[in-house]
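Notes for the structure review
Listed below are the residues making up each chain.
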Amino acid sequence: MPPVTSPIVIARRGVMLVLSSPSGAGKSTLARLLLDKHPEIHLSVSVTTRERRPSEVDGIHYHFIKRERFERLRDTGDLLESAEVHGNFYGTPREPVEAALSAGRDVLFDIDYQGTLQLYDKMRSDIVGVFILPPSAVELKTRLERRAEDASGVIEKRLKNARTEIAHWDHYDYVLVNQDLDTTFRSLEAILIAERLRRERMIGLPPIIERLDQELSDLTA
Ligand code: 5GP
């Protein structure tokens with residue numbers, strides 16, 4: 001009988017998976033699909049000064065806060081990154097991200113390019129940046145209109161801002177054109193699975209190598 005061996009679990013650092021895209025490219029849908037299939041991933045819930053949309057729930061989609069509170073959080077260092085997007089302020093609370101990472105969990109961020117660049121400055125090697133592109137401008141407009149939760153002035157503003165957002169595509173590790181949701185989702189999942197396996201993230205490898213080396217040395221003595 002072969003010896004009974006317990007399964008080898010290799011400790012690894014959590015992935016900080018950052019998703020960015022112009023508004024309406026399908027990023028939130030992809031994030032939801034990923035969280036449904038991988039409930040072990042922690043979603044970073046941002047604070048924002050934007051008005052809540054009818055379909056949104058405070059504490060789930062965002063923490064909706066007043067401008068004064070936002071400024072206090074930012075000025076006391078309680079936000080990992082922050083930015084003004086479409087005339088509203090957004091930021092990532094620091095504490096929940098640090099808690100999730102130190103528990104070895106992956107963390108998903110839905111933030112813009114300004115926030116991504118700030119996170120790169122602080123923790124580049126932990127971050128995997130994925131940029132989602134719409135297949136065309138017409139498709140982007142249609143998706144924003146279909147959402148029908150924003151006034152038409154807001155949609156115009158978001159379309160204008162799409163050019164600025166897209167101009168930063170080359171800061172990202174991966175760029176996906178979201179033509180077909182299933183295909184894009186499979187690509188995103190493949191990125192996550194491969195990035196989890198990167199050697200640098202596998203902090204539990206050295207003791208395994210040492211053990212193997214010792215076993216081989218004993219076997220060949
Ligand atoms: P929306 O108002 O449509 O929910 O989001 C507008 C934009 O703000 C999106 O591109 C979204 O990724 C970005 N955003 C949401 N939360 C944050 C955040 O905490 N930080 C930064 N930098 N951008 C955010």
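Here, every reference points to the structure presented above.
The sections below set out a description of the structure shown in this document.

Criteria and thresholds
- Residues numbered from 1 in each chain as written.
- Predicted model: local features only at pLDDT ≥ 70, side-chain atom pairs only at ≥ 80, totals over all residues.
- Heavy atoms only, no water.
- Helix = DSSP H or I, 4+ residues; strand = E, 2+ residues; numbered from the N terminus.
- Contact = heavy atoms within 4.5 Å.
- Areas by Shrake-Rupley, 256 points an atom, 1.4 Å probe, with all protein chains shown as cover.
- Lys, Arg positive; Asp, Glu negative; His and termini not counted.
- Charge placed at Lys NZ, Arg CZ, Asp CG, Glu CD.
- Salt bridge = Lys/Arg side-chain N within 4 Å of Asp/Glu carboxyl O.
- Buried < 20%, exposed > 50% of the residue type's maximum accessible area, 1.4 Å probe, protein only.
- Phe/Tyr/Trp six-rings, centres within 6.5 Å; stacked < 30°, edge-to-face > 60°.
- Pairing = 2+ DSSP bridges.
- Core = buried A, V, L, I, M, F, W, Y, C linked by side-chain atoms within 4.5 Å.
- Near = heavy atom within 4 Å.
- Polar contact = N/O pair within 3.5 Å; in protein donor to acceptor, adjacent residues only side chain to side chain.
- Nonpolar A, V, L, I, M, F, W, Y, C, P; charged D, E, K, R; others polar.
- Axes fitted to C-alpha atoms, helices over the stretch in contact; angles between N-to-C directions.
- Parallel < 35°, antiparallel > 145°, perpendicular 65-115°, else oblique.
- Left-handed = near helix turned anticlockwise from the far one by under 90°.

A count of helices and strands for the protein gives eight helices and nine strands. Oriented by its inertia axes, the alpha-carbon framework of the protein measures out at about 75 × 40 × 30 Å. Summarising the internal contacts of the protein: among those between residues at least 6 apart in sequence, 70% fall at separations of at least 24. By element, 55% of the accessible surface of the protein is carried by carbon and sulfur atoms, the whole surface being about 12800 Å². Positive and negative side-chain charges of the protein, numbering 31 and 35 respectively, have mean locations separated by a distance of 4 Å.

Right, let's talk about the pattern of salt bridges for a bit. Counted under the stated rule, the structure contains 18 salt bridges. Note that Lys27 is salt-bridged to Asp110, the shortest N-O span being 3.1 Å. Here Lys27 is found in helix H1 (residues 27-37), whereas its partner Asp110 is found in strand S7 (residues 107-110), with 83 residues between them in sequence. Overall, Asp110 belongs to the partly exposed group, its relative accessible area being 27%.

The next thing to look at is the packing of aromatic side chains. Counted by the stated rule, this structure contains four aromatic pairs. Their ring planes at 40° and their centres at 5.5 Å tell us that Phe70 and Phe89 sit as a pair that is tilted. Of this pair, Phe70 sits in helix H2 (residues 67-75) while Phe89 sits in strand S6 (residues 88-93), and the two are 19 residues apart along the sequence. For the pair Phe70 and Phe89, a shared accessibility class is recorded, and that class is buried. The interplanar angle of 50° and the centroid separation of 5.0 Å between the aromatic rings of Phe131 and Tyr172 together place this pair among those described as tilted. Remark: Tyr172 occurs in the loop between helix H6 (152-166) and strand S9 (174-177) and Phe131 occurs in strand S8 (residues 127-133); sequence separation between them is 41 residues. Given a relative accessible area of 0%, Phe131 falls into the buried group. A connected cluster of aromatic rings, assembled from ring pairs, spans Tyr62, Phe64 and Tyr90.

Note on sheets: strands pair through backbone hydrogen bonds, and any given pair is parallel or antiparallel. Spatially, the four strands line up as an open sheet ordered S4-S3-S6-S5, and their pairing is mixed. Each edge of the open sheet carries a strand with a single partner, namely strand S4 (63-64) and strand S5 (79-85). Where strand S3 (residues 47-48) meets S6, two bridges bridge the pair, whose relative direction is antiparallel. Paired with Thr48 across the two strands is Tyr90, which belongs to S6.

Of all hydrophobic cores here, the largest spans 23 residues; its most connected members are Leu17, Leu19, Leu34, Leu108, Val130, Ile132 and Leu188. Secondary-structure elements contributing two or more residues to this core are strand S1 (16-20), H1, S8, helix H5 (137-147), H6 and helix H7 (181-196). Leaving out residues up to four positions away in the same chain, Leu34 has contacts with Leu17, Ile41, Leu108, Phe185, Leu188 and Glu189. In this structure, Tyr113, Tyr120, Met123 and Phe131 belong to the second largest nonpolar core, which totals 16 residues.

Moving on to the site of the ligand. Looking at the ligand, there are 19 residues lining it, with Arg50, Tyr62, Tyr90, Asp110 and Arg158 nearest. Note that an oxygen atom of the ligand is positioned 3.5 Å from one of the side-chain N or O atoms of Thr92. Within the side chain of Arg158, an N or O atom sits 2.7 Å from an oxygen atom of the ligand. For the ligand, whose free accessible area comes to 510 Å², the fraction covered by protein is 95%. For the shell around the ligand, a count of residues per class yields five nonpolar, seven polar and seven charged.

This paragraph deals with the packing of H5 against H6. Packed helices, taken two at a time, are described by their axes: the angle between them and the distance between them. Relative to each other, H5 and H6 sit at 150°, their axes nearing to 11 Å. The angle between H5 and H6 falls in the class roughly antiparallel. Considering only the axes of H5 and H6, their crossing is right-handed. On H6, the residues touching Leu140, Lys141, Leu144, Glu145 and Arg147 of H5 are Ile155, Glu156, Arg158, Leu159 and Ala162. Each residue belonging to the contact of H5 with H6 can be placed in one class, and the counts come to five nonpolar, no polar and five charged.

So far we have only geometry, and geometry alone does not tell us how the molecule works.
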